[in-house]
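Now for the letters of each chain:
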Amino acid sequence: MTSLRTFQNEIDEIHHRETAKQRAQATVDRTRETKKPAVKPPAAKEAKDTNDTDDTDAGLGEADFSDIDEQIQTLLLSETPSNRDRARDLVAALLTRHRGEYVFRIGAQPPHAKLFVGESAVNSEGWRGTVRTESELDALRQGVIQVVDEVGGKTSVLFESRTDQPRAALLLRLPPENVSLTPEVRCAVVGNVDSGKSTTLGVLTRGALDDGRGRARVSLFRHKHEIESGRTSSVGMEILGFGPSGAPILPSTAHSNDADVIRREKLGWEEISVQAAKIVSFIDLAGHERYLKTTLYGLTSGAPSCVILIVGANAGLIGMSKEHLAIALALSVPVVVCITKIDMTPPNVLAKTIEQVTKIMKSPGCRKTPIFVKSAEIAVEVSQVFAKEKLCPIFQLSNVTGEGLDHLRTFLNLLPSSEGDTEKFMADQPLEYSVTEVWSVPYVGTVVDGILNSGTIKIGDSVLLGPDANGNYLSTMVKDMRRKRAPVTGAEAGQCVSMALKRVRRTAVRKGMVLVHKTESPPKAVRSFEGQVLILYHNTTLQRNYQAMLHCGAVRQTVRILNMDHPQGVLRTGDRAIVTFEFISHPEFIKEGMKLLFREGKTKGLGVITRIL
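Here's what I pulled together on the structure shown here. (Residues numbered from 1 in each chain as written. Predicted model: local features only at pLDDT ≥ 70, side-chain atom pairs only at ≥ 80, totals over all residues. Heavy atoms only, no water.)

Let's talk about the side chain of Asn192
Alright, step 1. Position of Asn192 relative to the elements: it lies in the loop between β4 (184-191) and α8 (197-206).
Alright, step 2. In this structure the side chain of Asn192 is engaged in a polar contact, spanning 3.0 Å, whose partner is the backbone nitrogen of Met320.
Alright, step 3. Not counting the four nearest positions on each side in its chain, Asn192 is found in contact with Lys197, Gly287, Ile310, Ile318, Gly319, Met320 and Ser321. (Helix = DSSP H or I, 4+ residues; strand = E, 2+ residues; numbered from the N terminus. Polar contact = N/O pair within 3.5 Å; in protein donor to acceptor, adjacent residues only side chain to side chain. Contact = heavy atoms within 4.5 Å.)

Notes on the environment of Phe395
Alright, step 1. Tracing the chain through its elements places Phe395 in strand β11 (residues 391-396).
Alright, step 2. Residue classification places Phe395 among the buried positions, given a relative accessible area of 1%.
Alright, step 3. Distance from Phe395 to Pro346, taken between C-alpha atoms, is 17 Å for residues 49 residues apart in sequence.
Alright, step 4. In contact with Phe395, other than residues within four places in its own chain, are Val336, Val337, Cys338, Ile339, Val373, His407, Leu408 and Phe411. (Buried < 20%, exposed > 50% of the residue type's maximum accessible area, 1.4 Å probe, protein only.)

Quick look at the packing of aromatic side chains
Alright, step 1. According to the stated counting rule, one finds five aromatic pairs in the structure shown.
Alright, step 2. Relative to Phe411, the ring of Phe386 has its centre 5.4 Å away and its plane inclined at 55°; by these criteria the two rings are tilted. Of this pair, Phe386 sits in the loop between α15 (376-385) and β11 while Phe411 sits in helix α16 (residues 405-414), placing them 25 residues apart in sequence. Side by side, Phe386 and Phe411 carry an identical accessibility label, which is buried.
Alright, step 3. Arranged with centres 5.5 Å apart and planes meeting at 45°, the rings of Phe529 and Phe583 form a pair that is tilted. With a gap of 54 residues between them, Phe529 in strand β21 (residues 528-537) and Phe583 in strand β24 (residues 576-583) connect regions that are remote in the sequence.
Alright, step 4. Judged by its relative accessible area of 0%, Phe529 falls in the buried class.
Alright, step 5. According to the relative accessible area criterion, Phe583 is buried, its value standing at 1%. (Phe/Tyr/Trp six-rings, centres within 6.5 Å; stacked < 30°, edge-to-face > 60°.)

Some points on a positive patch on the surface
Alright, step 1. Positive charge collects at one region of the surface, where Lys479, Lys502, Arg503 and Lys518 lie side by side.
Alright, step 2. Here Lys479 falls in the partly exposed class, since its relative accessible area comes to 37%. (Patch = residues over 30% accessible without salt bridge, like charges linked within 9 Å, V, L, I, M, F, W, Y side chains within 5 Å. Areas by Shrake-Rupley, 256 points an atom, 1.4 Å probe, with all protein chains shown as cover. Salt bridge = Lys/Arg side-chain N within 4 Å of Asp/Glu carboxyl O. Lys, Arg positive; Asp, Glu negative; His and termini not counted. Charge placed at Lys NZ, Arg CZ, Asp CG, Glu CD.)

Some remarks on the pattern of salt bridges
Alright, step 1. For the structure shown, the criterion picks out 28 salt bridges.
Alright, step 2. We note a salt bridge from Arg88 to Glu150, for which the minimum N-O separation is 3.1 Å. Here the residue Arg88 occupies a position in helix α5 (residues 81-97), and Glu150 occupies one in helix α7 (residues 134-150), the gap between them amounting to 62 residues.
Alright, step 3. For Glu150, a relative accessible area of 41% gives the class partly exposed.
Alright, step 4. In the salt-bridge network here, residues are joined through shared partners; they are Glu134, Asp138, Arg141, Glu160 and Arg162.

A few points about the packing of α15 against α16
Alright, step 1. For the pair α15 and α16, the least separation of the axes is 9 Å and the interaxial angle reads 30°. Considering their axes alone, α15 and α16 lie roughly parallel with respect to each other. α15 and α16 meet at a crossing whose hand is right-handed. Across the interface between the two elements, Ala376, Ala379, Val380, Val382, Ser383 and Gln384 from α15 touch His407, Thr410, Phe411 and Leu414 from α16.
Alright, step 2. Grouping the amino acids of the contact of α15 with α16 by side-chain chemistry returns six nonpolar, four polar and no charged. (Axes fitted to C-alpha atoms, helices over the stretch in contact; angles between N-to-C directions. Parallel < 35°, antiparallel > 145°, perpendicular 65-115°, else oblique. Left-handed = near helix turned anticlockwise from the far one by under 90°. Nonpolar A, V, L, I, M, F, W, Y, C, P; charged D, E, K, R; others polar.)

Structural notes on the state of the cysteines
Alright, step 1. Inspection of the entire model under this criterion finds zero disulfides.
Alright, step 2. Looking at the unpaired Cys366, the closest cysteine sulfur is the one in Cys392, lying at 8.1 Å.
Alright, step 3. Cys552 takes part in no disulfide bond, and the closest cysteine sulfur, belonging to Cys496, lies 18 Å away. (Disulfide = S-S within 2.5 Å.)

Considering the sheet that holds strand β2 (residues 154-161)
Working definition: the strands of a sheet are paired by backbone hydrogen bonds and lie parallel or antiparallel to each other.
Alright, step 1. Read across the open sheet, the three strands follow the order β1-β3-β2; overall the sheet is antiparallel. Single-partner strands in this sheet number two, and they are β1 (101-106) and β2. Taking each pair of neighbouring strands and ignoring which way they run, the sheet shows an average axis angle of 20°.
Alright, step 2. As paired elements, β2 and strand β3 (residues 167-173) share seven bridges and run antiparallel to each other. Counted as the bridge partner of Glu160 is Ala168 from β3. (Pairing = 2+ DSSP bridges.)

A word on the sheet that holds strand β10 (residues 369-372)
Alright, step 1. Strand order in the open sheet formed by eight strands is β6-β5-β7-β4-β8-β9-β11-β10, and the pairing between neighbours is mixed. With partners counted over all chains shown, the strands left at the sheet margins are β6 (248-249) and β10, one partner each.
Alright, step 2. Across three bridges, strand β9 (residues 335-340) lies against β11 in parallel orientation. Considered in β11, the bridge of Cys338 is made with Phe395.
Alright, step 3. Contacts from α8 reach β4, β5 (236-242), β7 (278-284), β8 (306-312) and β9, with the element oriented near 160° to β7.

A short note on α8
Alright, step 1. Where burial is concerned, most of α8 is hidden: ten out of the ten residues are buried.
Alright, step 2. Listed in full, the buried residues belonging to α8 are Lys197, Ser198, Thr199, Thr200, Leu201, Gly202, Val203, Leu204, Thr205 and Arg206.
Alright, step 3. Buried-residue contacts for α8 involve β4, β5, β7, β8, β9 and α16.
Alright, step 4. Remark: Gly207 follows α8 within two positions and exhibits a positive phi of approximately 90°.

A look at a nonpolar patch on the surface
Alright, step 1. Taken together, the side chains of Trp439, Val441 and Val444 define a hydrophobic patch exposed on the protein surface, amounting to about 220 Å² of accessible area.
Alright, step 2. Topologically, Val444 is positioned in the loop between β12 (432-441) and β13 (445-454).
Alright, step 3. By relative accessible area, which is 33% here, Val444 ends up partly exposed.

Below you can see the structure in the form of structure tokens.
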């Protein structure tokens, strides 16, 4: 029996190998195209431009960034004009390199191992950086604020400690030129029904605390039956903007106690987008078992940077919470846990919930180190490393008293942007845009929403939309483009944008279709494929002709098992095999190396596409 961990490592290897192969092939194709100047694709020029900017900062990339922090501090303390100019140039290069955002640390920093456990690290070894006195700390802070101001940025103090060893962390941020360049972090919010997901989001995005009776969540609901039942049944989208200074952008009525005022006075997405230097997009998913299909689609198609698992302190990790956690782990998405309702939970029940969450996180299935975030310093440090080091930050929140919300906001403010993940999203590759939502807007026409997986696109580009039921692609043009409801002229890999398409009927578009650049040979529409799969759970045996719902990126369709290479010809829980699948109703756009999940009732399977047939 294969363990989930080893299987996940294998499918990650296959995914990386296939992606690298596809990218190399795309580069070869592009060089071939550039030799024929008549048919130069629009993406080629932009790719070249991005490469040029990388070369200017090449010297910066070779040194460790903590060394550059030290270098800037030494230059600023010398107080000579030439050194100050050099420090300013280094700060400007750092900000450019890090997409306009950088956490600058002053003084010696404690070792993470001690800090994350909450132990005092005063006399321990492993401190990083140069020890500074209080006067040096003040001088450096002032110097950094001045040079960042000169390059057009803003500085905010994330935390400052005068005890033990004087140290501080500053957030340096450049305001984006326009909405199309604003960095965005996508977070999927999951958890059991009645754990407080919508209330937590209402408090985070509206600023007003809850009354303990669900007042904060009412403004998030989209349907009448949701307000009546108090349960989310659709994929809701909420955004939280952070200004250049790092402060959250909240409505002016955030401190009002009148429920009607709170519901009515909310900032529009356009207003938030214009003011924000960073946007955190929350995908509010349903907690009820009945809506698992919707929740799964939100997790696979939304490409979230992290999953926020909300656990009610009074109930613990029960029901669908475990299901959602298992899906997040299967998709290899980093997990953040928020324990809510700590104001109304008796201490002994809270301690039991914390013990249960810690035990599950350390279990062989998760293998994550739980980190309890109880200070701004831990929030700053863990936000930078939790995804790489398999850490699981745990926040204890009260939406009624507001306890713990500041640490959560600091953490969200510092999360690396989703489009900054160059392994996942490549701007210099051919265009590929996945459709996750479709609307028909009066006087506009068909509008699609989705994620740019690779390449760049701008208004006026001719594109192919498909595949349709026959596997063909339809020629169309991008009429208009919006990002977070604000108009933009173009978009690049990793961004979520909605586009109005020319001469396309609403009925001709469905979720899971893709937009690609117009070429002589459009990508192949796939009807059947081979995948390496692991059966996570099935109560009897899986045989040939078994049908299940397949989730693969934005694709969601029923598939049939045609063949399997298992010696017994049947699959049980824990078995793995190479299985041939066939789409039931129409062909789809999928690629080798894409991860897949399939389910039917309680049956669940995880895998990766190994061969297109």
